[in-house]
Amino acid sequence: MIKKIKLLSLLFLLSISAGFAQVKISGVVKDEMNETVPFANIVFVGSTTGTVSNENGKFYLESDKTYTQVEISFLGFETKIVTVKNRDFNLIITLKEEASRLGEVFIYSGKVKKKGNPAIAILKKIWEKKRENGIYLFDQYEYEKYEKLEFDLNNVDSAMKKSKFFKGMEFVFEGIDTSRITGKAFLPIFINESIHKTYGKNKDGKRFREDLIANKNSGFESNQNVIAFIKDLYVDYNVYDSYIKIFDKSFVSPISKAAGISTYNYVLRDSAFIDNKWCYNILYYPRRKNELTFKGDFWVNDTTFAVKEINMQANRSANINWVKDIYIEQEFEVLNDSVFLLKRDYMLSDFSFKKKEQAKGMYGRRTTMYKDYEFNKEKEAKFYTKEINVYDDEIYNKTDGYWSVNRQEKLNKNEQGIYKMLDTLKTVPKFKQIYNLVSILGSGYIEFNKFDFGDVFSTFGKNDVEGWRLRVGGRTFLGGNEPWRLQGYTAYGFKDDKFKYGLSGKWMLNPKSRFIIGGGNRRDIEQIGVSLTTTNDVLGRSFASSSLFSSGDNSKLTSINLSNVFMSIEPKKNLYFRIGTSFRTLESASPETFNLDYWLDKENNIKKSDVVQSEIDFSIKYTPNRKTIGHGVERNEVTDVYSTLFLNYSRGLKDVFNSNFEYEKVQFFYRQPILIGGFGRMFTTFEVGKTFGEVPLGLLSVVPGNQSYFTIENTYSLLDYYEFVTDKYASLHVEHNFNGRFLSRVPLLRKLNLREIVGVKVLWGEISDKNIALNASNINYVAPTKGYYEYNVGIGNIFKVFRIDFSWRGNYKDTLGASNFAIKGAFGFHF
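These figures come from a predicted structure and were not determined experimentally. (Residues numbered from 1 in each chain as written. Predicted model: local features only at pLDDT ≥ 70, side-chain atom pairs only at ≥ 80, totals over all residues. Heavy atoms only, no water.)

Is there a simple way to think about the overall build of the chain in this case?
Per the secondary structure count, the chain includes 10 helices and 46 strands. Computed over the C-alpha atoms, the radius of gyration of the chain is 30 Å, within 12% of the 28 Å expected from 2.2 N^0.38 for a compact globule of 831 residues. The dimensions of the chain, computed from C-alpha atoms along their principal axes, are 100 × 60 × 60 Å. Considering the chain as a whole, with its 831 residues, one finds that 56% of them fall into the buried category. Accessible surface, the chain as shown: approximately 37,400 Å² in total, 55% of it carbon and sulfur. With 117 positive and 99 negative side-chain charges, the chain shows a spacing of 3 Å between the two charge centroids. (Helix = DSSP H or I, 4+ residues; strand = E, 2+ residues; numbered from the N terminus. Rg over C-alpha atoms; globule rule 2.2 N^0.38 Å. Buried < 20%, exposed > 50% of the residue type's maximum accessible area, 1.4 Å probe, protein only. Areas by Shrake-Rupley, 256 points an atom, 1.4 Å probe, with all protein chains shown as cover. Lys, Arg positive; Asp, Glu negative; His and termini not counted. Charge placed at Lys NZ, Arg CZ, Asp CG, Glu CD.)

Written out as structure tokens, the structure is:
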């Protein structure tokens, strides 16, 4: 859901979507048969400034220096030098075929041979030496990092300027610039700058600490979802790793030891002095299309075999959505004769609905610069565990003078103008409307003065008891970083003619430890048993009781009146402790079709149909590598791809407020995403739990079925509600998305960019004889004592937004009314 909301924000921005260089050229490289030449080398004569043509032979190149000639070369063709003007666009360059060996550089035709290739020999030297490069040579290190994130509308042309969409906002086009990478005109709309102080330790257990010193942004600074999405786009990577993770996809690094030679063609193209160091220049490009690969070149030192410069441009045919181009370049500085350190890291992404050259979209750019490296300054282990107060207002209110001194790269004229332009835009009514729509898509709430209306995505629902359901709600909102929040809703069912409501509040008393108190009350209709691991979230509501589309009987709903109070604390980043108490009453929402009855006196046929229960609970939650944004009582997640470990203990308190039962319940939940190199991502979810004591149906662990037409995480696709009931269970879900690893090699399917998905779900559980004897409901308790399993095969990325799953039941096929096969789908926005 987090990723969906963030991508919706980006997709909306995409829908709305002359430089200072001395020389700018563009064109296409062809052969004598008028066929385009992909991956040809284009370099300004007398420089190391160059590029590589794309899969269609097209290129763009610019420089802030004056050059009059460009050299074009490719494997099996004669090198050609062409005279160019300062602004020379739409060049058509024809190369003549040649099979030869020039000096020390070998020329190959087609796929490059591996045996005897000097470029591969150099690559193997890089693998041998890579752990000796840069900061890995020292036990302890520290440096200062400056990071600049920018978003821009691109392919800005006269038609866009004259569009009615920009009527009243024409002044924004005064900030138009031109990309030195693609040559497209773009309009800056967002900038975020930050300065960090970073510390690390290599020996005796790795340690890492990064302190945020200063932060400044303009654009969507008050919309936490948009900022979180932008930050999620750009994560740190290391070109020496075998795989580089970008947009949650694993691209094969051109320096990859595991897959480089089998994935890329390598050619030793040139050698030259760079910063007084003799370096080899190696060109690389992919052996196959539609894979997550790059093209480009890198310079490597001839003695240390450390990479001095590298540029990587993603293969445009790669199986990745909404992104037309990805370009990365890194520069390393020489500390001494043998140590190279990262100096500058630049990444540009071109987001677009289509991958056509003239398609309009958005640039996302990140520039990261490093300075003031220091080594082996002794620091104790406890230094690395200490965290600064990232909520300190001083971090976010540095003066313009501070930024002028501490920026490692000065802002150009247009970048400086972003801050002023956005301040002016916010006064334009039309821009406010656009901004508000982006905010709604990002958060699900409509902003008013200090109050948000929503969640708009939960406005309508339907089930067999309520019929059509209308829900309205809201929350207090004072900018996103407030220490307290109230929120609530009311709902009405047109079939049962009843109103429902929920109200909650929370208050953060200590921002540093995130000590929070809260409470609330909810009276509503709920589907019990849509999750094995349960919580006492007052405003939680399941898909089963509010979805628009479902199959089978959807009347086994429960009326719930739940109140709770709690305290929580985060003593260490991503480690949470919570203690609370709750009081609830449960009764059937449709007594004619479903009941929760249990025996008070079976011999005298005395039953009770409602459950009254008081409970205390204590839980621990650990989410390593979870990143958040904001410092209010509620924060937004930067990404949802992180591990989750959750342990919960709850105890029923009999006779407290007329509570019916005394019991203990222990539950454990573990979710682990696993990125498996070029073979995609696997998600595993393991749950185990046990209830000690005698309890009725409403307090047991009901195995989550799925009677909707959609694929839903952590449910069993072929089980109905209440098909399995347990007081002791263990569950394992494994799903792997290959991200098109195999279908990308099938000629007729390659261009569809489909993605293969496989999964299996396994369940074991028991129900005690005492709990069976207590049951007087119309649900016949069955537990999967033999172990239940189902498996599925799916195809994802259909039209970029849809997946379809085919699921089969592995056993318990003879159960009355059992579904042994199902086809379900799901919509979602993924890169």
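Resuming the write-up.
Help me understand the pattern of salt bridges in this model?
In a structure, side chains of opposite charge can pair up when their charged atoms sit close to one another. Considering all chains together, one arrives at 42 salt bridges under this definition. Residue Arg485 is joined to Glu482 by a salt bridge in which the shortest nitrogen-to-oxygen separation is 2.7 Å. Among the residues examined, Glu482 registers a relative accessible area of 4% and is labelled buried. Taking the shortest distance from any N to any O, the salt bridge between Arg522 and Glu526 comes out at 3.5 Å. The exposure class of Arg522 is buried, given its relative accessible area of 4%. (Salt bridge = Lys/Arg side-chain N within 4 Å of Asp/Glu carboxyl O.)

What's the story with helix α8 (residues 413-425) in this structure? I'm lost.
In an α-helix, one turn spans 3.6 residues, which is why side chains three or four residues apart end up on the same side. Helix length check: α8, at 13 residues, gives a terminal C-alpha distance of 18 Å against a target of 18 Å (1.5 Å per residue), a fit within 8%. Bending of α8 peaks at approximately 35° at the position of Tyr419. Of the positions making up α8, those classed as buried are Asn414, Glu415, Ile418, Tyr419, Met421, Leu422 and Leu425. (Expected span 1.5 Å × (residues − 1). Bend = angle between axes of the 7 residues up to and from the residue.)

Help me understand a nonpolar patch on the surface, please; the structure alone is not making it clear to me.
A surface patch of nonpolar side chains, amounting to about 920 Å² of accessible area, comprises Phe686, Val688, Leu732, Val758, Val760, Val762, Tyr789, Tyr791, Val793, Trp808, Phe821 and Ile823. Listed by contribution, the elements that provide at least two residues to the nonpolar patch are β39 (681-692), β43 (755-766), β44 (788-798) and β46 (821-827). By the secondary structure assignment, Val793 is in strand β44. For Val793, a relative accessible area of 40% translates into the label partly exposed. (Patch = residues over 30% accessible without salt bridge, like charges linked within 9 Å, V, L, I, M, F, W, Y side chains within 5 Å.)

Explain the side chain of Arg469 here, please?
Within the secondary structure, Arg469 sits in strand β26 (residues 467-476). Reaching out from Arg469, the side chain makes a polar contact with the side chain of Glu466 at a distance of 2.8 Å. Polar side-chain contacts of Arg469 include one of 2.9 Å to the side chain of Asp524. (Polar contact = N/O pair within 3.5 Å; in protein donor to acceptor, adjacent residues only side chain to side chain.)

Teacher, can you tell me more about the packing of aromatic side chains here?
The geometry of an aromatic ring pair is captured by the separation of the ring centres together with the interplanar angle, meaning the angle of the planes. Counted according to the given criterion, the structure contains 33 aromatic pairs. An angle of 65° between the planes, with centres 5.1 Å apart, marks the rings of Tyr598 and Phe661 as edge-to-face. Of this pair, Tyr598 sits in strand β32 (residues 598-601) while Phe661 sits in the loop between β37 (644-653) and β38 (663-675), and the two are 63 residues apart along the sequence. Taking relative accessible area as the criterion, Tyr598 reaches 2% and is therefore assigned buried. Owing to a relative accessible area of 9%, Phe661 belongs among the buried residues under this scheme. (Phe/Tyr/Trp six-rings, centres within 6.5 Å; stacked < 30°, edge-to-face > 60°.)

What is the right way to read the nonpolar core from this model?
Inside soluble globular proteins, nonpolar side chains tend to come together where they are buried. The biggest cluster of nonpolar side chains holds 81 residues, and the ones touching the most others in it are Ile246, Phe247, Tyr266, Phe294, Phe298 and Ile326. For this core, the element with the most residues is helix α2 (residues 118-129), which contributes 6 residues. If near-sequence neighbours (up to four positions away) are discounted, Phe298 is found in contact with Leu123, Ile126, Ile255, Tyr266, Tyr280, Asn281, Ile282, Tyr284, Val307, Glu309 and Ile310. Grouped together as the second largest cluster of nonpolar side chains are 25 residues, Tyr67, Ile72, Val82 and Leu283 included. (Core = buried A, V, L, I, M, F, W, Y, C linked by side-chain atoms within 4.5 Å. Contact = heavy atoms within 4.5 Å.)

I tried to follow the sheet that holds strand β5 (residues 69-73) on my own but got confused; where do I start?
Strand pairing in a sheet relies on backbone hydrogen bonds, with the paired strands running either antiparallel or parallel. Read from one edge to the other, the open sheet built from 4 strands follows the order β3-β2-β5-β6, with strand pairing classed as antiparallel. One side of each edge strand has no neighbouring strand; the edge strands of this open sheet are β3 (50-52) and β6 (80-83). The sheet shows a mean angle of 20° between the axes of neighbouring strands, taken without regard to direction. Two elements, β5 and β6, share 4 bridges in a ladder whose sense is antiparallel. Its bridge partner lying in β6, Ile72 is registered against Lys80. (Pairing = 2+ DSSP bridges. Axes fitted to C-alpha atoms, helices over the stretch in contact; angles between N-to-C directions.)

Can you walk me through the pairing of strand β21 (residues 340-352) in this structure?
The two faces of a sheet get side chains in turn, since along a regular strand they alternate between them. Most of β21 is tucked away, with 12 of its 13 residues classed as buried. Bridging between β21 and strand β22 (residues 361-375) involves 9 bridges; their strand directions are antiparallel. Pairing of Ser352 across the sheet is with Gly361, part of β22.

So what exactly am I meant to see when it comes to the sheet that holds strand β4 (residues 58-63) here?
Read from one edge to the other, the open sheet built from 3 strands follows the order β4-β1-β7, with strand pairing classed as mixed. Single-partner strands in this sheet number two, and they are β4 and β7 (87-95). With strand direction ignored, the average angle separating the axes of adjacent strands in the sheet is 25°. Strand direction decides the pairing type here: strand β1 (residues 23-31) and β4, joined by 6 bridges, are antiparallel. By the bridge assignment for β4, Lys24 is matched with Glu62.

I would appreciate a short explanation of the side chain of Arg471 in the present structure.
Counting through the fold element by element, Arg471 comes out in strand β26. There is no salt bridge for the buried Arg471, and the closest opposite charge comes from Asp524, which lies 6.0 Å off by N-O distance. Those residues in contact with Arg471, other than ones at most four positions away along the chain, are Gly454, Asp455, Ser458, Thr459, Tyr489, Thr490 and Ala491.

What's the story with the environment of Leu212 in this structure? I'm lost.
You can see Leu212 is positioned in strand β13 (residues 207-218). Separated by 11 residues in the primary sequence, Leu212 and Lys201 have C-alpha atoms spaced 18 Å apart. Other than its neighbours up to four places away in sequence, Leu212 contacts Ser194, Ile195, His196, Ile388, Ile395 and Tyr396.

Where do I start with the environment of Lys360 in this structure?
Looking at the element boundaries, Lys360 is found in the loop between β21 and β22. For Lys360, a relative accessible area of 27% corresponds to the partly exposed category. Lys360 sits 25 residues away from Leu335 along the chain, and the two C-alpha atoms are 42 Å apart.

Whenever I open this one, unusual backbone geometry confuses me. Can you help?
Note on backbone geometry: most residues besides glycine have negative phi, and most peptide bonds are trans. Residue Asp455 is reached from Gly454 by a cis peptide bond, and omega for that bond is 5°. By the element assignment, Asp455 lies in the loop between β24 (451-454) and β25 (460-463). Unlike most non-glycine residues, Asp372 shows phi in positive territory, near 55°. Looking at where Asp372 falls in the secondary structure, it is placed in strand β22. Residue Asp372 is classed as partly exposed on the basis of its relative accessible area of 46%. One non-glycine residue, Phe799, adopts positive backbone phi at about 55°. Relative to the assigned elements, Phe799 resides in the loop between β44 and β45 (802-809).

For this particular structure, what's the right way to read the environment of Thr94?
As for its position among the elements, Thr94 is in strand β7. Sequence spacing of Thr94 and Arg651 is 557 residues, and the spatial spacing of their C-alpha atoms is 79 Å. Those residues in contact with Thr94, other than ones at most four positions away along the chain, are Lys30, Asp31, Glu32 and Lys80.

Looking at this structure, how should I read the pairing of strand β18 (residues 294-301)?
Buried residues dominate β18, accounting for 8 of its 8 residues. Bridge count between strand β17 (residues 277-286) and β18: 6 bridges; the pairing is antiparallel. Of the residues in β18, the one forming a bridge with Leu283 is Asp297. The antiparallel hairpin formed by β18 and strand β19 (residues 307-314) contains 5 residues in its connecting segment, where Phe305 sits at a positive phi of about 55°.

So what exactly am I meant to see when it comes to α2 here?
Compared with the 16 Å implied by 1.5 Å per residue over 12 residues, the 17 Å span of α2 between its first and last C-alpha is a close match. For α2, every residue scored as buried is listed here: Pro118, Ala119, Ile120, Ile122, Leu123, Ile126 and Trp127. Between a side-chain oxygen at the N-terminus of α2 and the backbone nitrogen of Ala119 the separation is 3.0 Å; the capping residue is Asn117.

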